[in-house]
Structures are given as structure tokens and as C-alpha cells.
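These are the residues of each chain, in order.
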Amino acid sequence: MKQYFKIDEWRIIEEGFNPEENKVAESVCSIGNGHMGQRANFEESYSGDTLQGSYMAGVYYPDKTRVGWWKNGYPEYFAKVLNSINWIGIDIKVDGETLDLAKCKILDFTRILNMKEGYLHRTFTAELPSGKTVKVDAKRFVSIARKEIGAIRYSITPVNFSGKLEITAYLDGDVKNEDSNYDEKFWDEVSKNVSSGEASLVVSTKKLDFHVCSTMKFDIVQVGRKINVTADTIEKEKYVSNTVVLLCSKGEETVIYKYTSNVTSRDHEKSELINVSKAALLKAYELGFEALLEEQANAWADKWKESDIVIEGDSSAQQGIRFNIFQLNQTYTGKDERLNIGPKGFTGEKYGGSTYWDTEAYCIPFYLATADEDVARNLLIYRYKHLEKAKENAKKLGFSKGALYPMVTMNGEECHNEWEITFEEIHRNGAIAYAIYNYVNYTGDKAYLGEYGFEVLSEISRFWEERVHFAVPKGKYVMHGVTGPNEYDNNVNNNWYTNRIAAWTLDYTIEVMNYLKEKEPARFEELNAKLQIKDEEIAKWKDIVANMYYPEDKELGIYLQQDNYLDKEQILVKDLDPKNLPLNQNWSWDRILRSCFIKQADVLQGLYFLEHLYDDETIRRNFEFYEPRTVHESSLSPCVHSILAAKLGMQEKAYEMYLRTSRLDLDNYNNDTEDGCHTTSMAGTWMSVVHGFGGMRVRNGQLQLNPFIPGHWNSFSYKVMFRGALLKINVTSENLIVSNESENAITLSVHGSTYTVSGNETLNIAC
Ligand code: BGC
């Protein structure tokens, strides 16, 4: 592990240009606003190693599946978020010579992600092969306040010459995805228009015919004065540009302000795209770069007000947690319930930008506590809207009823195509049910159950009912041929986590049904007219809950990850020669599958979700058994371990696990950040602080806090929104200070004692 970026509490700083780190920095310094995202690629041409990425949320391509051996039930396609129109491009020529950092001597270079105000800032001084030296200062952002708008201020100053500067501002739709299965380009041109000072380009995706329209306008300012220029226009296939040629004198700055507006047919009629885009562009252009940037800083200040975590005494941890919060807020704003959170957010192509169980298991708690209730609710409604597709998916796999949500999806259809995951990692269904419980438990919004929740729960329950079978010799219900969250152990029987979450779902569904029958009988009747839940089904669900088989070892006092887990050769990670790690880069898949090593929390994932049903000693025995066998080769793993360790009072372990998650991308821990950041696991990092060190839980409608200060931190504070109150919770070594930053009084429990904090009041509790 190396620390490449400089430590700063509000900024991610790359100092000096290292081409071998370029793709990592492009991922880390990505910017986004929920509607679009942009890797930290250079505006000017760059012929070195780069992953170009401009993404529009929800615009994807169903790329024909590519597998070695087809299995019945595989999906036809893998949905990919698309590298879309490059709207940042500004090519520069100096006396006819292209500015390309891969060919220059770079005298100084910084690339800085300003997380406080939400912009990317790059500066460099570069000597071109001719010996001419230029100084560049480039700032850009995608607006949180105006989701279509991206704006760039690009300044260039000749250092040791006077000469001719050629500036080409362009929109380029002739782009491709690096992960294209058949090396195809996914875009067709629809229309383009270019005149001096402005241009528009509309492209459409093959197959699904999403349309994306980008428009641009620009101004040029020399030595502080806006100049009127006539630009040469260029049109090529899927490409439009304006080229301006200027004379510039040594030491005098030329600035190009490029404004773009990017809209899609997801939000507007195709025939209206150009008009809508131009209208938004004009407003932004008239406002100007500085005013837009100020608006951006204010919008980010509002976000930080609700979600910041402040750590005193550890700048590296401070930077790490803010980076995670920043990326999460850049990825999903909750304003569009058709969208979700891809494991890489808008920072790369990997995982196709699609939705995984990561959202329900990891992201929901973050958005629940740091944004309005609607944001998490929209994430749940996303799955509600996919219910019919999940039912189709179950049918496709041969089930007579019920819903199996996909492992990976863009529109509700399964996209994943590895049989041991697609068909067997069915525990994901449980996470979707659990998220409903989690949401209602946190918000108290029981109306959700009648509106949407119960339908999803009952169809998932029907799936579990059919997926288990009664094993006569055991006299119990069992589940064969599954893969648990630990993807290093495939096709097993009775994965404890899957059996447990299945039985829990059935139990919770019955509880919700009873609640609706009693409290909302009319709604229940209405729902049941649609769902037609029979008495025999309910009886079967109850029977499964009462008679589910859970593998366990009574002597060790632990639940078994699967029937045969203890038959595996038992080795601890600490006894492995470190050169074997990470296993997934050093061992054959066969060797991994036969080993006892665990990729990510599995039994422990269940004990984390359902900790209210288990005593601490049971959790401790399982933690002490499984933690030493876990290699944490999924970014989703350490946070669960950190939270459980914190709960068990194992403070050092909790901190050690936290460090693995908090700077995972900043320090490129798994050596894969160049593909993009691990956005969904960033929510897990937040959970490690708030649920782990902060000990925050919601039980019986009340917020409970059991905090401690980890490592060498002096203090830490976090913000949470809970049932109409916005709280700042500050943990120091002597006390806990709860500031209620809202009008609404709140009652909470701290280390088991109950306190009421009135609106706008601060309570100081000695700990
Ligand atoms: C993990 C899965 C996760 C996926 C996307 C995999 O490595 O094992 O649990 O859903 O990554 O983050």
C-alpha cells in the first residue's frame, strides 16, 4: 500500500505527473452530480495511458453476452453504462504543435479534487518538444444545482515565447467502451449543428435508442478582456468543433470558458432534446463561470451540512471519510427513482454501472441517515418497479411463483452470467427484503409497507418457499446448491446466511401481513385481491420459519458457513505466506474454492444484519472464528468486520478494519482503482464510523448510541437525520455532545440511559 495523494482534509492532491498513476488519479478525482459523471481525464489531447469516461446516468447498452459455455437461463446481454459524448475536450496547438502531456517535459503538475466546493483543478507547466513552454490552469465541475451543466475554465499562458495559439473546443460522440464485448462502438449520429461559438451534437445508442444531446458555447478572454473571434467550424461523423486561432504574447494569459449542457431522452422527448439542452446552456452561459462555481460551492455546502464527518487528530482518516462521502453524494442524489448506485459509481466502466445487492446491504443506511427520507425510499421503489421482472426471472429459472431479483441489473432484468452467481447467489433476495425492514425501522414510515413493501416481501417469500426443500433424514428444510456472500465457496449446501435470511424474510413477511390486516385492513384486502396469498402458503411459510435447518458446530459454538465448511483444511490467514495474497491474483480458482479462506463477511454478514436477534457471546464466538479466515478481497468486507468488532468492544480490531476500508481507493489498496472507485463500499466506510465507532442503532423507534473513540483520534463528529431531526453527534474522550440542529425534540439513548434533546438544544453527556 502506498500513499500517492497528499493528505489534506478537504482536497485530494496529486503533485507531479506520474503516467503510471494516471488512470488511478482519473478515477479518484472523478466528478459527478447524480445525472452525469466524468473521470478526471485531461481536456487537451493525451496520447498516454488513459481511460476516457463521460457517463450519463441510466444510459446503457445491452451488450450481447460473451461466455465460454452457454448455460440455459443465462441472460442474453450484460448492461453497460456507456462512455458517452466527450464534452470536456479542448485541444491546444502552440505554433502548430499539439499540447500532449505524454510528449512534453512536465515542469510542474497538480491535479486536485476540491471536495468542499465540488470541482476539479489541474495546473501544469509543460515544455513542448520544440522547447516552447506553457502554463495551464484548468478548473471544471458538473453542477449540482443545474444537473445538465458542465463548465470549464481553461487558462493557458506562454512562458518563454510569443506565438500562435490554436484552441479547438469540441463535442465528440465517436467514443467507445473499453469493456465492449465485441469491440463495437455503441453510438450512432442523429444530428449535429455547428456555427462560430456554439455547437450541438445528438447521438443515439444502438439497440435501445437512448438519445443524448450535448450543446456547447464558449468565450475567450485575453488579458482580462473578452474577445470577439470568428471560429472555424469542423464537422465529422459524431463530432463537432470550433477552432480559434489567436496570437498570444509571452506571459499573457488566454482563458477559454467552455459551457456544455448534456441531456438525454430518459428525461425529455427526443424531438425536444436540442431545445431543452440549449435553453439550459444559455442560462448557464449568461450566468458565467464564476457565478456557476459559487452556486456549486453553496450546493456542496448544503450537502456537507447534512452528511459531514469531522475527525480531529487524524488528517489521513479525515480525508478518507470525506472522500467516501463526497463520491457517494456525487453518484446518487435520490432525485430520480429510476436510477441506482453502480459499484463503481461514475468513475469507470467495471461492473457495467449496474445495480447489485450492494445498494440494499450497504448504501441504504448511508442515504437513510444523511439525506431526506425520500432518497432511501426511492431506492426501495426502484426495486418495487422491478418486481414484475423479478417474477419473470424466477419463472425463467423454472420456479412456478415468486420473485428472484437479479444479481446485476439495469432495468430489472438479470445481466450476470456466471452460473454459480447468477443462479446460486440468491441471498441477494434477502438483502432486498432486509432493506425494507431497515428503512421502516429507521424512518418509522410504516405506510411504505402497505404502499409497496408488502408486495415485494410476499413475492420474495414465495420464492424462498419454493427454493427450500424438506430433507426427510434431517426433518428440516434445507437449501442446496447456493453461493453465499463469500464467493470463494460455490455451489454449497445450506449456506447459513442464505438459510437464515430466507427464514427471516418469511417471518418478517408474516409480521407485516399481520400488521396490515390489523392496521390497514382495507389496503390489505386490496393487496390480497392482487396477490392471492392462500392460507396454505402462510402455513408453509410458518413451517419453514420453525423448521429451517441451520448448520452449526455446538462444540465451537458457531454457525457453519455451509454444511461442509469444517471439513475444509483449516488454515488462518496469518499463517499464510503474505506472498499468496491477494489470493485472487495468485491462486488458481480451483485452489481458492477448496480452501477455507473467505472473501467477504458471510456468517458475519447475517449476524450484522440480525444482531438484534443474537446475544453478544454468540456474535463474539463467530467473529473470533471467521475473522482470522477472512481475506477481505471484496471491498464490502472490512466494514462489516469493523462494525462487529466495535460492538464487541474489540477497539483495535475495529480500527484496523476501518483503515482497510476508509482509504481503499485513495491508497489503491487492492491495486485496481484504475478501473474506477469502489463506490458502494464507501457507504460501508461511513457505516464503520457511525454504526461502528459511533455505535448508532435504531431499536423500537429510538436512536441508540454506544460510542468510543478509535485509534489516536482526539474526537469525531457526524451528522444524522432521524425522524425530522438533524443531529450533530460529537464524540470526545470525555463526553458526547448532541446538538439538535432542527426544531424537533428527540429522545435518544446513550450507553443505555435515555435523554431528550429539544429543538436547537445541545446536550453534553459525560461518558
Ligand atoms: C462481491 C459482491 C458484490 C460485487 C459488486 C463482488 O466482488 O463479492 O458481493 O456485489 O463485487 O460490488
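All values derive from a computational prediction rather than experimental measurement.

Enquirer: An account of the overall build of the protein is requested, with residue identities and associated values reported.
Expert: A tally of regular secondary structure across the protein gives 20 helices and 32 strands. Relative to the compact-globule value of 27 Å for 767 residues, the protein shows a C-alpha radius of gyration of 27 Å, a close match. The buried share of the protein, taken over its 767 residues, is 63%. Of the contacts formed within the protein by residues at least 6 apart in sequence, a portion of 69% connects residues at least 24 apart. As displayed, the protein has an accessible area near 27,900 Å², and 45% of this comes from carbon and sulfur atoms. Looking at the protein, you have 87 positive and 112 negative side-chain charges, and the mean spots of the two groups are 2 Å apart.

Enquirer: Provide a residue-level description of the sheet that holds strand β18 (residues 239-248), including the pertinent values.
Expert: Pairing between sheet strands relies on hydrogen bonds along the backbone, with the strands arranged either parallel or antiparallel. The sheet built from five strands is open, its strands ordered β7-β6-β12-β18-β17 with antiparallel pairing. The outermost strands of the open sheet, each flanked by one partner alone, are β7 (97-98) and β17 (232-236). In this structure, strand β6 (residues 90-94) lies alongside β7, joined through two bridges in antiparallel fashion. Note on β7: the bridge partner recorded for Lys-93 is Thr-98.

Enquirer: How would you summarise the sheet that holds strand β28 (residues 725-732) if you had to cite specific residues and measurements?
Expert: Taken in spatial order, the five strands line up as β20-β27-β28-β29-β32 in an open sheet, and their pairing is antiparallel. Single-partner strands in this sheet number two, and they are β20 (309-312) and β32 (762-766). Taking each pair of neighbouring strands and ignoring which way they run, the sheet shows an average axis angle of 15°. Sheet topology note: the strand β29 (residues 735-740)/β32 ladder contains five bridges and is antiparallel. In the sheet register, Asn-735 faces β32, and the bridge partner there is Ala-766. Against the sheet, helix α20 (residues 679-693) engages β20 and β27 (715-722), with an angle of about 95° to β27.

Enquirer: Could you give an account of helix α11 (residues 496-519), naming the residues involved and the relevant values?
Expert: A rise of 1.5 Å per residue sets the reference length of α11, with its 24 residues, at 34 Å; its end C-alpha atoms lie 34 Å apart and thus fit the reference within 8%. Burial of α11 is extensive: 17 of the 24 residues sit out of reach of the surface.

Enquirer: Requested: an account of the environment of Val-545, with residues and values cited.
Expert: Note on placement: Val-545 falls in helix α13 (residues 535-547). For the pair Val-545 and Leu-506, spaced 39 residues apart in sequence, the C-alpha separation works out to 6.7 Å. Apart from residues lying up to four places away in sequence, Val-545 is in contact with Ala-503, Leu-506 and Asp-507.

Enquirer: An account of the site of the ligand is requested, with residue identities and associated values reported.
Expert: By nearness alone, every residue bordering the ligand is listed as Pro-343, Tyr-351, Tyr-356, Trp-357, Asp-358, Glu-487, Lys-599, Gln-600, Ser-634 and Leu-636. Taking Tyr-351, its side chain carries an N or O atom lying 3.5 Å from an oxygen atom of the ligand. Glu-487 is positioned such that a nitrogen or oxygen atom in its side chain is 3.0 Å from an oxygen atom of the ligand. Considering the ligand on its own, with 310 Å² of exposed area, one finds that the protein chains cover 91% of that surface. Per-class residue counts for the shell around the ligand are five nonpolar, two polar and three charged.

Enquirer: Outline the pattern of salt bridges, supporting the account with residue identities and numerical values.
Expert: This model, assessed by the stated rule, comprises 54 salt bridges. Taking the shortest distance from any N to any O, the salt bridge between Glu-295 and Arg-146 comes out at 2.8 Å. Here Glu-295 is found in helix α3 (residues 289-307), whereas its partner Arg-146 is found in the loop between β10 (133-142) and β11 (149-158), with 149 residues between them in sequence. Relative accessible area serves as the criterion here: at 22%, Arg-146 is assigned to the partly exposed category.

Enquirer: If you had to explain the environment of Val-194 to someone new, which residues and values would you point to?
Expert: One can find Val-194 in strand β13 (residues 187-195). Residue Val-194 is classed as buried on the basis of its relative accessible area, which comes to 13%. The sequence separation of Val-194 and Leu-636 amounts to 442 residues, and the corresponding C-alpha distance is 47 Å. Discounting residues that sit within four places of it in the chain, Val-194 has contacts with Ala-199, Thr-233, Ile-234, Glu-235, Val-240, Ser-241 and Asn-242.

Enquirer: Help me get a handle on the packing of helix α18 (residues 637-647) against helix α19 (residues 651-662), residues and values and all.
Expert: Relative to each other, α18 and α19 sit at 160°, their axes nearing to 8 Å. Viewed along their axes, α18 and α19 adopt a mutual orientation that is roughly antiparallel. For the element pair α18 and α19, the recorded crossing hand is left-handed. Every residue of α19 that contacts α18 at Pro-638, Cys-639, His-641, Ser-642, Ala-645 and Ala-646 is listed here: Lys-653, Ala-654, Met-657, Tyr-658, Arg-660 and Thr-661. Here the residues of the contact of α18 with α19 are counted per class, giving seven nonpolar, three polar and two charged.

Enquirer: If you had to explain empty space enclosed by the protein to someone new, which residues and values would you point to?
Expert: Inspection of every chain in the model, using the stated rule, returns eight cavities of 30 Å³ or more. One number sums up the size of the largest cavity: a volume of about 260 Å³. Residue lining of the largest cavity: 17 residues in total, with Tyr-434, Asn-438, Tyr-608, His-691 and Arg-697 positioned closest to the centre. Of all the secondary-structure elements, those providing two or more residues to the lining of the largest cavity are α5 (358-370), α9 (428-443), α16 (603-609) and β25 (697-699). In terms of residue count, the dominant contributor to the lining of the largest cavity is α9 (five residues). Taken together, the residues of the lining of the largest cavity sort by class into ten nonpolar, four polar and three charged.

Enquirer: Tell me about the UniProt feature "domain: Glycoside hydrolase family 65 N-terminal" (unreviewed entry) in the protein, and name the residues and values.
Expert: Per the UniProt annotation, the sites labelled "domain: Glycoside hydrolase family 65 N-terminal" (unreviewed entry) are residues 13-266. Structurally, residues 13-266 comprises 3% helix and 55% strand, and the distance from its first C-alpha atom to its last is 35 Å.

Enquirer: Lay out unusual backbone geometry with the relevant residues and their values.
Expert: Pro-582 follows Leu-581 through a cis peptide bond whose omega is -10°. Following the sequence through the fold, Pro-582 ends up in the loop between β24 (558-559) and α14 (583-586). Residues other than glycine seldom take positive phi values, yet Lys-207 does so here, at roughly 65°. Relative to the elements of secondary structure, Lys-207 occurs in the loop between β14 (198-205) and β15 (211-222). The residue Asn-491 is not glycine, and still its phi comes out positive at about 55°.

Enquirer: Requested: an account of the packing of aromatic side chains, with residues and values cited.
Expert: Aromatic rings considered in pairs are described by the distance between their centres and by the relative angle of their planes. According to the stated counting rule, one finds 56 aromatic pairs in the structure shown. Where Phe-366 meets Tyr-367, the ring centres are 4.9 Å apart and the plane angle is 80°; that geometry is what we call edge-to-face. Neither Phe-366 nor Tyr-367 differs from the other in exposure class; each is buried. Measuring from centroid to centroid gives 6.1 Å for Trp-496 and Tyr-614, while their planes differ by 65°, and the two rings are edge-to-face. Here Tyr-614 lies in the loop between α16 and α17 (616-626) and Trp-496 lies in helix α11, a separation of 118 residues in the sequence. One exposure class covers both Trp-496 and Tyr-614, and it is buried. Its guanidinium or amino end placed over the ring of Tyr-285, Lys-217 lies 4.8 Å from that ring's centre, counting from NZ or CZ.

Enquirer: I'd like a rundown of the pairing of strand β5 (residues 77-83), residues and numbers included.
Expert: Burial of β5 is extensive: seven of the seven residues sit out of reach of the surface. In the sheet, strand β4 (residues 54-64) pairs with β5 via six bridges, with the strands oriented antiparallel. Paired with Tyr-55 across the two strands is Asn-83, which belongs to β5.

Enquirer: Which residues make up the packing of α17 against α18, and what values go with them?
Expert: Put simply, α17 and α18 touch, their axes get as near as 10 Å, and they point 135° apart. On the basis of the axis angle, α17 is oblique to α18. Every pair of crossing elements has a handedness; the one defined by α17 and α18 is left-handed. On α18, the residues that touch Asp-616, Ile-619 and Phe-623 of α17 are His-641, Leu-644, Ala-645 and Lys-647. Considering only residue class, the contact of α17 with α18 consists of four nonpolar, one polar and two charged.

The rules behind these values
Residues numbered from 1 in each chain as written. Predicted model: local features only at pLDDT ≥ 70, side-chain atom pairs only at ≥ 80, totals over all residues. Heavy atoms only, no water. Helix = DSSP H or I, 4+ residues; strand = E, 2+ residues; numbered from the N terminus. Rg over C-alpha atoms; globule rule 2.2 N^0.38 Å. Buried < 20%, exposed > 50% of the residue type's maximum accessible area, 1.4 Å probe, protein only. Contact = heavy atoms within 4.5 Å. Areas by Shrake-Rupley, 256 points an atom, 1.4 Å probe, with all protein chains shown as cover. Lys, Arg positive; Asp, Glu negative; His and termini not counted. Charge placed at Lys NZ, Arg CZ, Asp CG, Glu CD. Pairing = 2+ DSSP bridges. Axes fitted to C-alpha atoms, helices over the stretch in contact; angles between N-to-C directions. Expected span 1.5 Å × (residues − 1). Near = heavy atom within 4 Å. Polar contact = N/O pair within 3.5 Å; in protein donor to acceptor, adjacent residues only side chain to side chain. Nonpolar A, V, L, I, M, F, W, Y, C, P; charged D, E, K, R; others polar. Salt bridge = Lys/Arg side-chain N within 4 Å of Asp/Glu carboxyl O. Parallel < 35°, antiparallel > 145°, perpendicular 65-115°, else oblique. Left-handed = near helix turned anticlockwise from the far one by under 90°. 1 Å grid on protein atoms, 1.4 Å probe; cavity = no way out; pocket = protein on both sides within 12 Å on 5 of 7 lines; lining within 4 Å. Points joined across faces, edges and corners; volume = space filled by probe spheres on them. UniProt positions renumbered as here; feature names shortened; annotations may be inferred. Phe/Tyr/Trp six-rings, centres within 6.5 Å; stacked < 30°, edge-to-face > 60°. Lys NZ or Arg CZ within 6 Å of the ring centre and 35° of its normal.

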